[in-house]
Amino acid sequence: MTRLTGTALRVTIFIGESDTWQRKPLYSEIVHRAHRAGLAGASVFKGIEGFGASSLVHTHRLLSLSEDLPVAVVIVDTEERVRAFLPQLDELVGEGLVILDDCEVIRYVGRERS
């Protein structure tokens, strides 16, 4: 189990729900690569409304019926491990936003395996 406490780095990747990598959802490819890289964890959050560099507003409201809602993939690990993963994000993310934030991990505890 990965142990993580104290100073860490958070990378957040903002992409569209319909973005793909080799016919697979891009958010899924990012999560699976982060897992293979041994990073502490990754989570995907689906947005209900947003816009980015294209200035096109995507929303979940029925009248708009957007099929490309915003998605955020959040990964937290040590600075060294996150920075080592950045070249993979550079390869994967053609359109979107990738940001880094310093953070402090207070508690990181997984379930006991049975």
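Quick caveat, the model's predicted, so the values are computed rather than measured.

K.L.:
Would you mind showing me how to read the pattern of salt bridges here?
P.N.:
Any two side chains of opposite charge can pair if their charged atoms end up close together. Within the structure shown, the criterion is met by eight salt bridges. A salt bridge links Arg36 to Glu29; the shortest N-O distance between them is 3.9 Å. We classify Glu29 as buried; its relative accessible area is 10%. Among the ionic pairs, Arg81 bridges to Asp77, the shortest N-O distance being 3.3 Å.

K.L.:
Help me understand the sheet that holds strand β1 (residues 6–16) in this model?
P.N.:
Note: strands within a sheet are paired through backbone hydrogen bonds, in either parallel or antiparallel orientation. Spatially, β4-β7-β1-β8 is the arrangement adopted by the four strands of the open sheet, whose pairing is antiparallel. Here the strands that pair on one side only, and so sit at the sheet edges, are β4 (42–46) and β8 (97–105). Geometrically, the sheet is characterised by an average inter-axis angle of 20 degrees between neighbouring strands, direction not taken into account. As defined by bridge partners, β1 adjoins strand β7 (residues 70–77) across eight bridges and the pair is classed as antiparallel. In the sheet register, Phe14 faces β7, and the bridge partner there is Ala72. Along the sheet face, helix α1 (residues 26–36) touches β1, β4 and β7 and points at about 10 degrees away from the line of β7.

What counts as what
- Residues numbered from 1 in each chain as written.
- Predicted model: local features only at pLDDT ≥ 70, side-chain atom pairs only at ≥ 80, totals over all residues.
- Heavy atoms only, no water.
- Salt bridge = Lys/Arg side-chain N within 4 Å of Asp/Glu carboxyl O.
- Buried < 20%, exposed > 50% of the residue type's maximum accessible area, 1.4 Å probe, protein only.
- Pairing = 2+ DSSP bridges.
- Helix = DSSP H or I, 4+ residues; strand = E, 2+ residues; numbered from the N terminus.
- Axes fitted to C-alpha atoms, helices over the stretch in contact; angles between N-to-C directions.
- Contact = heavy atoms within 4.5 Å.

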